[in-house]
Amino acid sequence: MHHVVLDRWSRGASAIHRRDARAKTIALLEFLIALATVHRSFLAVGLCYFTILVAVMIAARLPLLAALTRAAVVLPFTLVFAVISLAAGEPLAAMTLVGKSYLSALAVLVLLSTTPLPELLHGLEHLGVPRYLLMVVQFLYRYLFVISEEAQHMRAAAQAKSGSVGRVLFDQSKFGAAAGALGVLFARSYAHAEGIHQAMLARGFQDHFRTLSRHAFRGADAIFLMAAVVLLAGARVAIEAWI
Amino acid sequence: MQPLIEVRDLQFQYDDGTVALDGVNFQLFPGETVAVFGANGSGKTTFVLHLNGLLAGDGDVRVCGMAVERKNLARVRQKIGLVFQDSDNQLFMPTVIEDVAFGPLNLGLGRDEAQSRAIAALEEVGMAHASGKAPYHLSAGEKKRVAIAGILAMRPEILVLDEPTTSLDPPGQIALLELLERLPQAKILVTHDVESARILANRAVFFEKGRITGEGSVEEMIARFSWDRATLKRPATSRF
C-alpha cells in the first residue's frame, strides 16, 4: 500500500528528514502558491522547481524513480481536463495543467516521504489546523490498512463464491454484491470506531491527544525555511525577469 | 480481606431491549485470577465493560473501594487495565512507544516519565525492540503483547483480559500464557479457551443469560457445564 511505503521512506535519517515539520510545511505551501500563480513562464519555472525537488529527494536519499512514478498518480485526474483544454485549442493550458498538477503532487510526496505522519500532524497542530480534523487524519492513516485488509478478505470471499468479481460496473448482480460489501465494510468500520473509542477511554483519554514528541524549532530549521523561501521566490523572480 | 472488585446486583439492558446483565454479583480478591466462562452473548464482555465505567448499568460496582461513577472514572481506569479482544482496536497510535505511553500521558505524567514507563512496560512483555515500529507491522502475538504493555504502563492493580489467546498461533498462545503467569496483578480472564483457564485461573464463574449461574474451581465449572472439547462426541454422520 502507498501509505506503508511512504511511512517507510519517512523514517529516514537525512538532514531533510530531521527538519521540523513546520518548516517543511511552510516551504511546501510557498512552493504550491508560487507554482500555482506562475503563468507566462511556466516552462522555465516548472523545470527549475522540478530540479529543486529532485535535489531535495537526492539529499533525502529517497528512491528517485519510485518517487517520481508515485507522484504520477494524480495524472489520470488532470489528464481529463487537459484533454478538454486540448480539444478547445489550448495546448499550452493543457500542458501547464498537467505540469502544475504533477509538480504539486511531487512536492507533497516529498514532504510525506521525509516527515513521519505523527510529526507532520503535530506540526500542523502547531500551525493552527483544528485538532479534531488532525485526529480524523491520524485514525484514517492508522486504520486504512485494517479496512483495506478486510476489503481484500471480502473480495476473496466473493471470488470464492462467484468465480469472479471483475467488471462490476457492467454486471448488475455483481454491482449489487459490491454495494452490499461496501455497506458491510462501513458497518465494520463503525464497529472498529466504537472499539477504538472504548480502548481510548479505558486508558484515560479525555479530549486531547498527548504525545511524547517535543517539537523544538531549531536554528537549522529556521535556516532551512529561509533558504527555501529565498530559493523558490528568487528563482521565480529571476526567471520571469530574464524571460 | 478487602475485595479489589465488588459487584452487587448489576443489571444492564441495551437500547434494543436486550437484557445483557440480570443481577450479577461478583468479587475479585488480591492475587486471584478468575476465569469467566459462558456462551457467546451470555453477558461476559458487557460485564467487564462495566468494571471501568465504559458501560453503566443499575447496581453497585466498586473497584479498589471506589464506586465506579463519573467522578472516580480517571482513578478507576488507572486501577483496572482492560485488554480488548481485538488488539487492532487497542493500538491506535502511529508507533508502538507512543501507543504504550498513551495511558501514562493521560494520567498526567510528564513526557520523560511516560516514556520511561512505556520502555519498562515494553521490556516487561519482551517488545522493547519494536518501540519505533508501526503497530500494523506487528504479528498478532506481538500486537497482543504491546496491548498488554499499554495497560501495564498505567501500573494497574487488576488486569481484565477479553479472549487474550484468540487469533494467536500455538507458540504465540504459550508465550502469552507464560507472560500472564509472570504478571503479579489480580486478573479476570474472559475466555472460551479452557486450557488457558486451567493454567492461569484459580477460580471460575459461569455466565448464562446475563447471570452468574456457577462459581467454583476451574475444573468444577468445566465439568458442571460440559465446557470442554473433550466432552464433545463425534457426530455419527461425520465419517465419509
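See the structure above.
So, how was this worked out
- Residues numbered from 1 in each chain as written.
- Chains lettered and ligands numbered in written order.
- Predicted model: local features only at pLDDT ≥ 70, side-chain atom pairs only at ≥ 80, totals over all residues.
- Heavy atoms only, no water.
- Contact = heavy atoms within 4.5 Å.
- Buried area = accessible area lost by both parts, 1.4 Å probe.
- Salt bridge = Lys/Arg side-chain N within 4 Å of Asp/Glu carboxyl O.
- Polar contact = N/O pair within 3.5 Å; in protein donor to acceptor, adjacent residues only side chain to side chain.
- Helix = DSSP H or I, 4+ residues; strand = E, 2+ residues; numbered from the N terminus.
- Axes fitted to C-alpha atoms, helices over the stretch in contact; angles between N-to-C directions.
- Parallel < 35°, antiparallel > 145°, perpendicular 65-115°, else oblique.
- Left-handed = near helix turned anticlockwise from the far one by under 90°.
- Nonpolar A, V, L, I, M, F, W, Y, C, P; charged D, E, K, R; others polar.
- Pairing = 2+ DSSP bridges.
- Expected span 1.5 Å × (residues − 1).
- Buried < 20%, exposed > 50% of the residue type's maximum accessible area, 1.4 Å probe, protein only.

What to know about the interface of chain B and chain A
By a widespread convention, an interface's size corresponds to the accessible area lost as its parts come together. Facing 36 residues of chain B, the contacting portion of chain A comprises 32 residues. Overall, the association of chain B and chain A removes approximately 3,000 Å² of surface from exposure, summing both partners, and the carbon and sulfur fraction of that is 58%. Our count for the chain B to chain A interface comes out at one salt bridge. Close ionic contact of R203 of chain A with D99 of chain B constitutes a salt bridge, the shortest N to O distance being 2.7 Å. Applying the counting rule to chain B against chain A returns six residue pairs in polar contact (both at pLDDT 80 or more). Counting residues per element, the side of chain B that touches chain A draws most heavily on helix 4 (residues 96-106) of chain B, which supplies nine residues.

Points about the packing of helix 4 (residues 42-59) of chain A against helix 5 (residues 64-71) of chain A
All names here are of chain A. Direction vectors running N to C along helix 4 and helix 5 enclose 130 degrees, while the axes themselves pass 10 Å from each other. Overall, the two elements helix 4 and helix 5 adopt an arrangement that is oblique. Helix 4 and helix 5 meet at a crossing whose hand is right-handed. Residues F50, V54, M57 and I58 of helix 4 form the contact with helix 5, whose participating residues are L64, A67 and L68. Looking at the contact of helix 4 with helix 5 residue by residue, the classes come out as seven nonpolar, no polar and no charged.

Let's talk about the sheet that holds strand 10 (residues 211-216) of chain B
All names here are of chain B. A sheet is described by the order of its strands in space; here six strands give the open sequence 6-7-8-3-9-10, paired in mixed fashion. Here the strands that pair on one side only, and so sit at the sheet edges, are strand 6 (80-83) and strand 10. For this sheet, the mean inter-axis angle between neighbouring strands, taken without regard to orientation, is 20 degrees. Where strand 3 (residues 33-38) lies against strand 9 (residues 203-208), five bridges are found, and the strand directions are parallel. Note on strand 9: the bridge partner recorded for V36 is V205. Docked against the sheet, helix 1 (residues 44-51) engages strand 3, strand 6, strand 7 (158-162), strand 8 (186-190) and strand 9, running at close to 150 degrees with respect to strand 8. With respect to the sheet, helix 6 (residues 140-152) is in contact with strand 6 and strand 7, its orientation differing from that of strand 6 by roughly 165 degrees.

Remarks on helix 4 of chain A
All names here are of chain A. Across its 18 residues, helix 4 extends 25 Å between first and last C-alpha, which sits within 8% of the 26 Å expected from 1.5 Å per residue. For helix 4, the set of buried residues is F42, V45, G46, Y49, I52, L53, V54 and M57. Where helix 4 is buried, its residues meet helix 3 (21-36), helix 5, helix 7 (91-114) and helix 11 (219-242). Where helix 4 terminates, the next one or two residues include R61, which has phi positive at roughly 55 degrees.

A few points about helix 4 of chain B
For an α-helix, the turn length of 3.6 residues means that residues three or four places apart are oriented alike. Residues and elements named next belong to chain B. Counted residue by residue, helix 4 has eleven buried out of eleven residues, so it is predominantly covered. Among the residues of helix 4, V96, I97, E98, D99, V100, A101, F102, G103, P104, L105 and N106 are the ones counted as buried. Where helix 4 ends, the next residue or the one after it, G108, has phi of about 95 degrees, a positive value.

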